[in-house]
Amino acid sequence: MQGQSQQQAYDRGVSIWSPDGRLYQVEYAREAVKRGTASIGVRTPDGVVLAVDKRFRSPLEERSSVEKIHKADDHIGIASAGHVADARQLIDFARQQAQVNQLRYGEPVGVETLTKDITDHIQQYTQVGGARPFGVALIIGGVEDGEPRLYETDPSGTASEWQALAVGSGRAEMLDHLEENYREEMDLDAGVGLALETLATATDDEPDAAEIGVATVDVETERLAQLDDDEIDSYIDELELDVDESAEE
Amino acid sequence: MQGQSQQQAYDRGVSIWSPDGRLYQVEYAREAVKRGTASIGVRTPDGVVLAVDKRFRSPLEERSSVEKIHKADDHIGIASAGHVADARQLIDFARQQAQVNQLRYGEPVGVETLTKDITDHIQQYTQVGGARPFGVALIIGGVEDGEPRLYETDPSGTASEWQALAVGSGRAEMLDHLEENYREEMDLDAGVGLALETLATATDDEPDAAEIGVATVDVETERLAQLDDDEIDSYIDELELDVDESAEE
Amino acid sequence: MQGQSQQQAYDRGVSIWSPDGRLYQVEYAREAVKRGTASIGVRTPDGVVLAVDKRFRSPLEERSSVEKIHKADDHIGIASAGHVADARQLIDFARQQAQVNQLRYGEPVGVETLTKDITDHIQQYTQVGGARPFGVALIIGGVEDGEPRLYETDPSGTASEWQALAVGSGRAEMLDHLEENYREEMDLDAGVGLALETLATATDDEPDAAEIGVATVDVETERLAQLDDDEIDSYIDELELDVDESAEE
Amino acid sequence: MQGQSQQQAYDRGVSIWSPDGRLYQVEYAREAVKRGTASIGVRTPDGVVLAVDKRFRSPLEERSSVEKIHKADDHIGIASAGHVADARQLIDFARQQAQVNQLRYGEPVGVETLTKDITDHIQQYTQVGGARPFGVALIIGGVEDGEPRLYETDPSGTASEWQALAVGSGRAEMLDHLEENYREEMDLDAGVGLALETLATATDDEPDAAEIGVATVDVETERLAQLDDDEIDSYIDELELDVDESAEE
Amino acid sequence: MQGQSQQQAYDRGVSIWSPDGRLYQVEYAREAVKRGTASIGVRTPDGVVLAVDKRFRSPLEERSSVEKIHKADDHIGIASAGHVADARQLIDFARQQAQVNQLRYGEPVGVETLTKDITDHIQQYTQVGGARPFGVALIIGGVEDGEPRLYETDPSGTASEWQALAVGSGRAEMLDHLEENYREEMDLDAGVGLALETLATATDDEPDAAEIGVATVDVETERLAQLDDDEIDSYIDELELDVDESAEE
Amino acid sequence: MQGQSQQQAYDRGVSIWSPDGRLYQVEYAREAVKRGTASIGVRTPDGVVLAVDKRFRSPLEERSSVEKIHKADDHIGIASAGHVADARQLIDFARQQAQVNQLRYGEPVGVETLTKDITDHIQQYTQVGGARPFGVALIIGGVEDGEPRLYETDPSGTASEWQALAVGSGRAEMLDHLEENYREEMDLDAGVGLALETLATATDDEPDAAEIGVATVDVETERLAQLDDDEIDSYIDELELDVDESAEE
Amino acid sequence: MQGQSQQQAYDRGVSIWSPDGRLYQVEYAREAVKRGTASIGVRTPDGVVLAVDKRFRSPLEERSSVEKIHKADDHIGIASAGHVADARQLIDFARQQAQVNQLRYGEPVGVETLTKDITDHIQQYTQVGGARPFGVALIIGGVEDGEPRLYETDPSGTASEWQALAVGSGRAEMLDHLEENYREEMDLDAGVGLALETLATATDDEPDAAEIGVATVDVETERLAQLDDDEIDSYIDELELDVDESAEE
């Protein structure tokens, strides 16, 4: 009772500390991330994989056009979970930062640099009044100096680097699956397979290429490549065997 | 009880998260959309159709002048549902963006580009304090590079692309009707018919050309064309047969 | 009880949505319109008529100087109902817009264009914080390209076009009277008569030229002309007969 | 009970509508006017009269220096009732506007024009947040194109023109007295007499030249002239006879 | 009870009207004046006298340096009562205005002009949000065109001119004393005596030159002159006789 | 009870008056001063002495570096009590003002001038909204034109000059001690001794040179000189005798 | 009860004093520091040591990339405890200040100067409204003019210098351990050992090089050097002996 009313007192003031040193608005923004559809990132020596769950409200909604893996720059893709309109704002911000970097230094922005620019931007919305935190987590994957890099940003404006990670609805189960099945030396194909497999643990449905988005940035081309439905389907075909197998475990 | 007072706590602060990661002001703005009269969009290979319910308060209100399908540019029309004055603001914004694009790049704005400009604008009103979200949903239909495109924007600032959609009062029933009756390869005439038929499911009245607005953008002319009452009446005549038929089902 | 306290919660925050998608401040501003003295507009093929109820607090108040029908431009008049000081602000704004239009395009502003400028201005006060909505409805009548036009603006910033309309105290009864008695092809004289007759239904008093203002814009001169007391009296003389007659119905 | 707490809810937010369409802060500012000492204005064909009650807190307060009839321009005087410091702000504003008009158009500002400038200024303080309404009513009297003009401004920013009026403490009784005794064709002397007589009805005291201020603007000189104590005394002498007479009625 | 909670409602909003047309924040600022140590002003044909009570918290506090009669310009002194830090702000403001006037017009600022500048400044803090009223009353005394002038400013921003006045703790008793004993034709010495005598009525203590400040501006020199302790003592010696005498009355 | 809730009402609004004419936020800031460790100032004909209590949280905290007597300029030192971070802000402000004065007038800033600059700055934070008062009292000591000067600033922005004073925890007892033992003609050594003795009354501990800071500005050098631990120890040795003696009284 | 509700009253207003002279928001920000993972600083004559606890949420999180000891400049490192995103803001601020100093004065910034710049920045967020305090404590270690320096900043904006210190979770126990075991003349190796040993008291786990970060700035090179896992492991090997030994005590 008391705890509840106390909690209400703090979350109404946008950016203030609670007596136990927490920022409730940031924690509530994390709930918006948990409500979002799942996104996965997997880093392999050959490149990074991003995979997303593209759920639809109606069969009339256009599948191909709902971009859920965004190109921040030729060599960097971003997947997200949470409040969709907030994600788009951050992705627009990322694109501008990438262009500014190109103009200013004459070279593509680094994945880590871009991630820090984004988290600085996010942090501002948690400290200065008059606005709310961004209700979105991003997975930022790309290749930097020939090295695949995979980062996460959260609503507090903290960045962390991962070998493989999941955000959004079902994160805990998906992280468990990744921790059990991730191998450091897996190739890119295996990475795509793991990503799709992990996504399946979150959705509990038969994987459907139309409702899944997959993109890769490999260390050779250093280009973000979105897979088409046929490519995804062929991965799913392999995956189903694996799912069965894992079901037997 | 408790839930209700808790809800009140969050919706008074314009742009803050609730403990379960929701933005109540955005959800309430969606209620304003639901209170609005219905609008329909249908995309066919030959072009897009926009149809709207023009309800009047008095027979003295001027029917022809109540513009409910707005021209954003020669090749793009916008229909809306929700708070009428907010819709006009967004449509004015869209027109300016279309002009700016023409001036800056020497070519007509793309339908997708324009939709993103609008949703960026909408999103700002959901994150920064001192203003309220727009209480309106838009259907943006046009032709881009010879391809018909049909988008929806919602009060959160999210865009989505559709084959056919409905917004405003009766959306659920209208979407059901569209999902059942939409055919990907229908021609523009069939599209107009489907739109009018769907509108009729929302209003439960005899369709009346004076209270309906219909416009199309076909892939040939790439021009927004508003239908006059006679044209609408001839579609209604055909439609009535169809309604009867569908009533028999 | 609950409903009442809930309502209070929303109307204190100037520009936010209620859970059922309404803007209470705008609805309360509409109450200010209902508290205002009545204004009437009638459109005939020969021109538009504006008529207003000029009620006084004291016989010492100067009747001729209380301008209740305002000239926005030579060819456009504006009548109002509601908060008087707000009305004057909007009328000043209208005059400036008319001058700006003349300077920028070298021609008189259109009635529809001017109406939209005004409603854009009104809408801003309903969305951005730090101010309250305008508590006034305007009737904007004029001639545009030889055509008589008659518009209404409301406190939400919505415009609508009418053949004949009434705003302010007694609107419902006056609209009923207009709907029953309006004829599309009536001449300007008949229009003035209908306006005065309708005004009488709102005031329940003997019409008194000193307490009534009437102005017309005819399609010939395209000039706003205010009627003097004698002219109004002669219309009232005819009107009384009509009132008696209508009383017999 | 309920009504009271509801009222409290609205008057704390500076510039918002109440559910019945009222602006409580403006109505409360009108109470500040009612608390102020009385001011009178009388218009005659020969010029306008302003008369004010100069009440003192102590016999040591300097009578001659407490300016209660202010010169806005050579040909315009302003009397006030209400919050004294607010009155001075508006009078300073009026003087600046008069100077600006002189500089811009090379001629003295009109009385009506000046009144509108002032009421525009007042209205802003009732609509935009962050400030309170002016708690003062002004009587603005002057000569314009040879014609005497007499205006009132109220805390809502509404202007009205009068033949004779009273503001401040005892307004109702004073207006009654003016309505009974005002004659359109009275000369300026009679106007001064009526003003002093009316002031006496508000104060219930023996009129005392030291506590009364009187000024006139006649149509001949078009100059504001403040009467000295002797001049006022001679009017009072005549007035007393009249008071006795009126007491007999 | 009810009155109390109602009062609380109004004084929290800095600058809004109460239902009975009062500004509580201004009235509370007047309480800060009443809490301040007393200041006296006396105007004689030969010049003005300012006298202040310099109460100390500790014998270690430096008496000579606690300036309580401030020089606004060579010919104008200011005494104050109320919130000390606020007084210093206003005095700094007065000095700047005096310098600006000298620079702009090449002559010393008039006492009345300076008083109005100060009260304009004070009034702003009572109308515009985001700040509180000044909690101080000033006595402004000086010589203007050979004439001694004595003004008071209060927290509402109202100015008044006096022959003799007192502000701060014990104002009512001091004003009574001044009203009884002030003579219009008293010379400057008598004025100093009256000021010291009046101050004694407020403090109920034996007058102590170390705790009293006195300054004069005489019409000959037109210069503010602060009296030293010896000069004050000689006045006190005379005063004591007078006090005894007045005690006998 | 009632008093308490009333008090709460006023201290939440940063800079508003309470009904009894007080500024609670300023009074609460004074509580922060009382919570601070003690600082002492003593003025002798030979110069001024500043002494401070440097309490530590841990023996690992670096004693020599915790500057508690700050150099505002070569000839002016500042000691403080209260919120440490606020003190540093004011001291930085003082240093800038001293530099500005040097640059603008080509001579060192006066002690009184600097004190007024600081108190003006402090006062702003008590009147304008959007910030809180400074929770710190300063003792400003220096030499000006060969004269030792000693000032205090408080959280309201009031300055006062002292022969000797104490601020912070135990002020009342320390002031008592100073009042009893201060002699106007004591030399600088005696001044240091009195300061240390007074500090000991506040701390109730054996004086420890490591936890005490002492600095002087003498009229010869006009330079702020910080005493080292050995110098302080030799004073303490003498002091202890005095303490014993005073204990015998 | 009463205390609790009173406390709530003050912590909602971001930057205001409580009646007992405290800033609750700053105290709550200190709670955020206590919730953070531990950081240690040790100063020896040979240089300074920074050591941090790098806890991970998942084995998939990239250990090498989670920078917890940041380079502010070549010769200055910063460790932190508390809200991670806030720490990064301050570290970015520190880097900019270091660069500005280099550009402006042509030499590396001093450790003390940089610390003061940071605490000035922190203090602003505790006094001016519209933002919250930084929820982070920093340990700033470096070499300045050949001397090792070790500072702490807290959320109030206070700086202090230490021989050895700990911040974050378990601070009390760690400070105890440091106070018992710190020796002023220990060499840098012993300093690293003490830091790791102290960290172990906070975590209660077997020290794991992968979860610990260590960096030094020695007086010879004046360069921040991060230790790799092997180096840390060799220290841990030695440390374990020490831990056993200390366990025997």
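For clarity, every value in this text was computed on a predicted model and none was experimentally measured.

Calculation rules
Residues numbered from 1 in each chain as written. Chains lettered and ligands numbered in written order. Predicted model: local features only at pLDDT ≥ 70, side-chain atom pairs only at ≥ 80, totals over all residues. Heavy atoms only, no water. Axes fitted to C-alpha atoms, helices over the stretch in contact; angles between N-to-C directions. Helix = DSSP H or I, 4+ residues; strand = E, 2+ residues; numbered from the N terminus. Parallel < 35°, antiparallel > 145°, perpendicular 65-115°, else oblique. Left-handed = near helix turned anticlockwise from the far one by under 90°. Contact = heavy atoms within 4.5 Å. Nonpolar A, V, L, I, M, F, W, Y, C, P; charged D, E, K, R; others polar. Phe/Tyr/Trp six-rings, centres within 6.5 Å; stacked < 30°, edge-to-face > 60°. Buried < 20%, exposed > 50% of the residue type's maximum accessible area, 1.4 Å probe, protein only. Salt bridge = Lys/Arg side-chain N within 4 Å of Asp/Glu carboxyl O. Polar contact = N/O pair within 3.5 Å; in protein donor to acceptor, adjacent residues only side chain to side chain. Pairing = 2+ DSSP bridges. Arc of directions from axis to C-beta. pLDDT = per-residue confidence, 0-100. Buried area = accessible area lost by both parts, 1.4 Å probe.

Q: Honestly, the packing of helix H3 (residues 84-105) of chain E against helix H4 (residues 111-127) of chain E in this entry has me stumped. Any pointers?
A: Helix-helix packing: each pair is described by the crossing angle between the helix axes and the interaxial distance. Residues and elements named next belong to chain E. Following both chains from N to C, one finds H3 and H4 inclined at 130°, their axes separated by 10 Å at the closest point. As judged from the angle between their axes, H3 and H4 are oblique. Between H3 and H4 lies a crossing whose hand is right-handed. Contacts between H3 and H4 pair Leu90, Phe93, Ala94, Gln97 and Ala98 from the former with Leu114, Asp117, Ile118, His121 and Ile122 from the latter. Considering only residue class, the contact of H3 with H4 consists of seven nonpolar, two polar and one charged.

Q: I keep staring at the packing of aromatic side chains and nothing clicks. Help me out?
A: Each aromatic ring pair is specified by the distance between its two centres and by the angle formed by the two planes. Residue and element names in this part refer to chain F. Taken as a whole and judged by the stated rule, the model has 14 aromatic pairs over all chains. With centroids separated by 5.9 Å and ring planes inclined at 35°, the aromatic side chains of Tyr24 and Tyr28 adopt a geometry described as tilted. Taken as a pair, Tyr24 and Tyr28 lie in helix H2 (residues 24-35) at a separation of four residues, close to a single helical turn. Take Tyr28: its relative accessible area is 4%, and that puts it in the buried class.

Q: Mind showing me how you'd approach the environment of Ile91(A) here?
A: Residue and element names in this part refer to chain A. Assignment of secondary structure puts Ile91 in helix H3 (residues 84-105). Judged by relative accessible area, which is 1%, Ile91 ranks as buried. Ignoring sequence-local partners within four residues, the contact set of Ile91 consists of His70 and Ile78.

Q: I would appreciate a short explanation of the interface of chain A and chain G in the present structure.
A: In many reports, interface size means the accessible area that the parts give up when they come together. Across the boundary between the two partners, chain A contributes 38 residues, which contact 33 residues of chain G. Residues Arg43(A) and Glu62(G) are paired through a salt bridge, measuring 2.8 Å at the closest nitrogen-oxygen approach. Inspection of the region where chain A meets chain G yields 15 residue pairs in polar contact (both at pLDDT 80 or more). Of all elements in the fold, only helix H1 (2-12), helix H4 (111-127), strand S7 (159-161) and helix H5 (171-181) of chain A reach the threshold of two or more residues within the side of chain A that touches chain G. Tallied by class, the residues present in the side of chain A that touches chain G amount to 13 nonpolar, 16 polar and nine charged.

Q: Can you walk me through the pairing of strand S3 (residues 69-73) of chain D in this structure?
A: Two faces, one strand: in a regular strand the side chains alternate between the faces of the sheet. Residue and element names in this part refer to chain D. Taken across its five residues, S3 has four buried, putting it largely inside the fold. Pairing analysis gives four bridges linking S3 to strand S4 (residues 76-82), with the strands arranged antiparallel. Paired with His70 across the bridge in S4 is Ile78. Between the end of S3 and the start of S4, which pair antiparallel, lie two residues.

Q: Explain helix H5 (residues 171-181) of chain E to me, please; I cannot follow it from the model alone.
A: In an α-helix, one turn spans 3.6 residues, which is why side chains three or four residues apart end up on the same side. Residue and element names in this part refer to chain E. For H5, every residue scored as buried is listed here: Met174, Leu175, His177 and Leu178. Summarising the axial view, the buried residues of H5 lie within an arc of 160°, below the 170-degree limit, and thus occupy one face. Buried positions along H5 lie against strand S1 (39-44), strand S8 (164-167) and helix H6 (188-203).

Q: Whenever I open this one, the confidence of the model for chain A confuses me. Can you help?
A: Note that predicted coordinates carrying low pLDDT should not be read in detail. All names here are of chain A. Taken as a whole, chain A shows an average pLDDT of 87; of its residues, 87% reach a score of 70 or greater. Ignoring residues within four places in sequence, the model shows residues 1-13, a span with pLDDT below 50, making 31 contacts including any to other chains. Contacts from residues 243-249, a stretch scored under 50 in pLDDT, to residues over four places away or in other chains number zero contacts. Among the scores for the predicted complex, ipTM is 0.82 and pTM is 0.84.

Q: I tried to follow the interface of chain F and chain G on my own but got confused; where do I start?
A: Across the boundary between the two partners, chain F contributes 33 residues, which contact 38 residues of chain G. Both sides of the chain F and chain G interface together cover about 3,000 Å² of buried area, and 50% of this is carbon and sulfur. There are two salt bridges connecting chain F and chain G. Run the count over chain F and chain G and you get 15 residue pairs in polar contact (both at pLDDT 80 or more). When residues of the side of chain F that touches chain G are traced back to their parent elements, those giving at least two are helix H1 (2-12), H2 and helix H3 (84-105) of chain F. Grouping the constituent residues of the side of chain F that touches chain G by class yields twelve nonpolar, nine polar and twelve charged.

Q: Honestly, the side chain of Gln89(E) in this entry has me stumped. Any pointers?
A: Note that Gln89(E) resides in helix H3. Classification of Gln89(E) as buried rests on a relative accessible area of 13%. Among the polar contacts listed, one links the side chain of Gln89(E) to the side chain of Asp120(F), at a separation of 3.1 Å. The contacts of Gln89(E), once residues within four sequence positions are left out, are Phe134(E), Asp120(F), Gln123(F) and Gln124(F).

Q: Would you explain the packing of helix H5 (residues 171-181) of chain G against helix H6 (residues 188-203) of chain G in this entry?
A: Residues and elements named next belong to chain G. Direction vectors running N to C along H5 and H6 enclose 145°, while the axes themselves pass 8 Å from each other. In the crossing of H5 with H6, the sense of the turn from one axis to the other is right-handed. The residues of H6 that touch H5, namely those facing Glu173, Met174, His177, Leu178 and Asn181, are Leu194, Glu197, Thr198, Thr201 and Ala202. In terms of residue class, the contact of H5 with H6 is built from four nonpolar, four polar and two charged.

Q: Where do I start with the pattern of salt bridges in this structure?
A: Between side chains of opposite charge, a pair can form as their charged atoms come close. Per the counting criterion, the structure on display carries 112 salt bridges over all chains. Lys34(C) is the partner of Glu31(C) in a salt bridge, and the nearest nitrogen-oxygen pair spans 3.1 Å. Remark: Lys34(C) and Glu31(C) occur in helix H2 (residues 24-35); sequence separation between them is three residues, near one turn of the helix. Exposure remark for Glu31(C): the relative accessible area of 25% places this residue in the partly exposed category. For Glu161(D), the salt bridge goes to Arg43(D), with nearest N and O atoms at 3.6 Å. Of this pair, Glu161(D) sits in strand S7 (residues 159-161) while Arg43(D) sits in strand S1 (residues 39-44), and the two are 118 residues apart along the sequence.

Q: What should I look at first to understand the sheet that holds strand S4 (residues 76-82) of chain C in this one?
A: Residue and element names in this part refer to chain C. As summarised here, the arrangement of the five strands in space is S3-S4-S5-S6-S7, forming an open sheet in which the pairing is antiparallel. Since the sheet does not close on itself, it has two edges, and those belong to strand S3 (69-73) and strand S7 (159-161), each with one partner. The mean angle between the axes of side-by-side strands here comes to 25°, regardless of whether they run parallel or antiparallel. The sheet strands contacting helix H3 (residues 84-105) are S3, S4 and strand S5 (136-144), and the helix crosses S3 at an angle near 20°.

Q: What exactly am I supposed to notice about the environment of Val128(G) here?
A: All names here are of chain G. Topologically, Val128 is positioned in the loop between helix H4 (111-127) and strand S5 (136-144). Relative accessible area serves as the criterion here: at 33%, Val128 is assigned to the partly exposed category. When the C-alpha atoms of Val128 and Glu179 are compared, they prove to be 37 Å apart, with 51 residues separating the residues in sequence.

Q: How should the sheet that holds strand S5 (residues 136-144) of chain F be read in this particular structure?
A: Strands in a sheet are paired, the pairing made by backbone hydrogen bonds, and the direction either parallel or antiparallel. Residue and element names in this part refer to chain F. Sheet architecture is open: five strands sit in the order S3-S4-S5-S6-S7, paired in antiparallel fashion. Both edges of this open sheet fall to strand S3 (69-73) and strand S7 (159-161), since each of them pairs with a single strand only. Taken pair by pair, the neighbouring strands of this sheet meet at an average axis angle of 25°, ignoring direction. Pairing geometry for strand S4 (residues 76-82) and S5, over seven bridges, is antiparallel. Paired with Ala81 across the bridge in S5 is Ala137.

Q: Which parts of the structure should I look at to understand the pairing of strand S8 (residues 164-167) of chain D?
A: All names here are of chain D. Taking every second residue as pointing to the same face, both faces of S8 are buried, with Ala164 and Ala166 on one and Leu165 and Val167 on the other. Sheet analysis places S1 next to S8, joined by four bridges and oriented antiparallel. In the sheet register, Val42 faces S8, and the bridge partner there is Ala164.

Q: For this particular structure, what's the right way to read unusual backbone geometry?
A: If a residue is not glycine, its phi is most likely negative; likewise, a peptide bond is most likely trans. Here Glu222(E), not a glycine, exhibits a phi torsion of approximately 55°, which is positive. As for its position among the elements, Glu222(E) is in the loop between strand S9 (212-218) and strand S10 (224-226). The class for Glu222(E) is partly exposed, based on a relative accessible area of 26%. A positive phi angle, near 55°, is found at Asp145(F), a position not held by glycine. By the secondary structure assignment, Asp145(F) is in the loop between S5 and strand S6 (147-153).

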